[in-house]
Amino acid sequence: MTIMSEELNWDDISHFQEATGSPGFMLWQTYLLWKRKLDRLLSPHNITHVQFVILTSLAYLQGKKIETNQNNLAKISMCDVSMASQVIRALVKKGLIERMQKEGDERSKFLTLTPDGVKLVKKTVKNVEDIDSKFFSHLKGKQKSFLECLTTIVTAESEVDGVKVAAGGMKS
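Residues numbered from 1 in each chain as written. Predicted model: local features only at pLDDT ≥ 70, side-chain atom pairs only at ≥ 80, totals over all residues. Heavy atoms only, no water.

### Describing the overall build of the protein
When helices and strands are tallied, the protein shows 7 helices and 4 strands. Listing every helix and strand of the protein by position from the N terminus yields α-α-α-α-α-β-β-α-α-β-β. Here the contacts in the protein between residues at least 6 apart in sequence split such that 51% fall between residues at least 24 apart. For the protein, the accessible surface area stands at approximately 12,300 Å², while carbon and sulfur atoms represent 55% of it. (Helix = DSSP H or I, 4+ residues; strand = E, 2+ residues; numbered from the N terminus. Contact = heavy atoms within 4.5 Å. Areas by Shrake-Rupley, 256 points an atom, 1.4 Å probe, with all protein chains shown as cover.)

Take a look at the structure:
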């Protein structure tokens, strides 16, 4: 027997009759299913999903010959600056990222992948893309439309510290 101190009528709380009608709840469930697959892939490499995002964002920028600092990396990966700082610190400790000093400016530092960081990115990106491809294959011919919808939302909602960030965060 369930004891309730106050009567609860779901219709008075939400306009969604079923959980499948809530875009936020469905996004949450989809994200968790997708993230579990990524976590299983990344776990043997001793990195988390957010560490992978920071590493690959840095690899992208480094591949485009764009020097970046901690704040820029936080913005393009849409991470909170303090979280990005903790993640970068952990990646430095693991020997995957290095903090470099700009010549002639002792205060200015930029980030770069170490040789081990480059190897790890090369080893994991293809596998993550394969997981994405298989996971989103359930959309069949709707993948492009789905991606356009996500891009629309990210573009409209992506303000980080008062600065608009491009969808994908990594336009060159």
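Further notes follow.
### With respect to unusual backbone geometry
The backbone phi angle of N46 is positive, close to 60°, even though this residue is not glycine. Residue placement: N46 occurs in the loop between α2 (23-42) and α3 (49-63). Residue classification places N46 among the exposed positions, given a relative accessible area of 53%. Residues other than glycine seldom take positive phi values, yet M78 does so here, at roughly 60°. (Buried < 20%, exposed > 50% of the residue type's maximum accessible area, 1.4 Å probe, protein only.)

### A word on the packing of aromatic side chains
Under the criterion given, the structure shown has 4 aromatic pairs. Relative to W34, the ring of Y31 lies with its centre 6.2 Å away and its plane at 50°, an arrangement referred to as tilted. A residue pair is termed a helical-turn pair when its members lie 3 or 4 positions apart in one helix, as Y31 and W34 do in helix α2 at 3 residues. Judged by relative accessible area, which is 17%, W34 ranks as buried. An aromatic cluster is present here, built from W28, Y31 and W34 joined pairwise through their rings. (Phe/Tyr/Trp six-rings, centres within 6.5 Å; stacked < 30°, edge-to-face > 60°.)

### Considering the pairing of strand β1 (residues 97-102)
Walk down a regular strand and you will see the side chains alternate between the two sheet faces. Pairing of β1 with strand β2 (residues 105-113), which is carried by 6 bridges, proceeds in the antiparallel orientation. Directly across from E98, in β2, lies its bridge partner T112. Hairpin connection of β1 to β2: 2 residues between the antiparallel strands, including G104 at a positive phi of 85°. (Pairing = 2+ DSSP bridges.)

### Observations concerning the nonpolar core
In this structure, I47, I54, L55, L73, L91, I97 and L113 are the most contacted members of the largest nonpolar core, which totals 28 residues. Looking at this core, the elements with two or more residues in it are α2, α3, α4 (70-76), α5 (81-93), β2 and α6 (115-136). In terms of residue count, α3 provides more of this core than any other element does, 6 residues in total. With sequence-adjacent residues up to four places away left out, L113 is seen in contact with L55, L58, A59, Q62, L96, I97, V118 and V121. (Core = buried A, V, L, I, M, F, W, Y, C linked by side-chain atoms within 4.5 Å.)

### So, the confidence of the model for the protein
Detail in the predicted coordinates should be disregarded across regions flagged by low pLDDT. Here the protein averages 88 in pLDDT, and 89% of its residues register 70 or above. Looking across the protein, the model is least confident in strand β4 (residues 163-164), with a mean pLDDT of 57, and most confident in α6, with 97. (pLDDT = per-residue confidence, 0-100.)

### Observations regarding a positive patch on the surface
Residues R36, K37, R40 and K134 make up a contiguous surface patch of positive charge. In terms of residues, the positive patch owes the most to one element, α2, which gives 3 residues. Checked against the element boundaries, R40 lands in helix α2. Judged by its relative accessible area of 57%, R40 falls in the exposed class. (Patch = residues over 30% accessible without salt bridge, like charges linked within 9 Å, V, L, I, M, F, W, Y side chains within 5 Å. Salt bridge = Lys/Arg side-chain N within 4 Å of Asp/Glu carboxyl O. Lys, Arg positive; Asp, Glu negative; His and termini not counted. Charge placed at Lys NZ, Arg CZ, Asp CG, Glu CD.)

### Remarks on α6
Count 3.6 residues to each turn of an α-helix, and residues three or four apart come out pointing the same way. Taking 1.5 Å per residue, 22 residues should reach 32 Å; α6 reaches 32 Å between its end C-alpha atoms and fits that length. When the local axis directions of α6 are compared, the greatest deviation, roughly 25°, occurs at T124. Of the residues making up α6, those classed as buried are G117, L120, V121, T124, V128, I131 and F135. Buried positions along α6 lie against α2, α3 and β2. (Expected span 1.5 Å × (residues − 1). Bend = angle between axes of the 7 residues up to and from the residue.)

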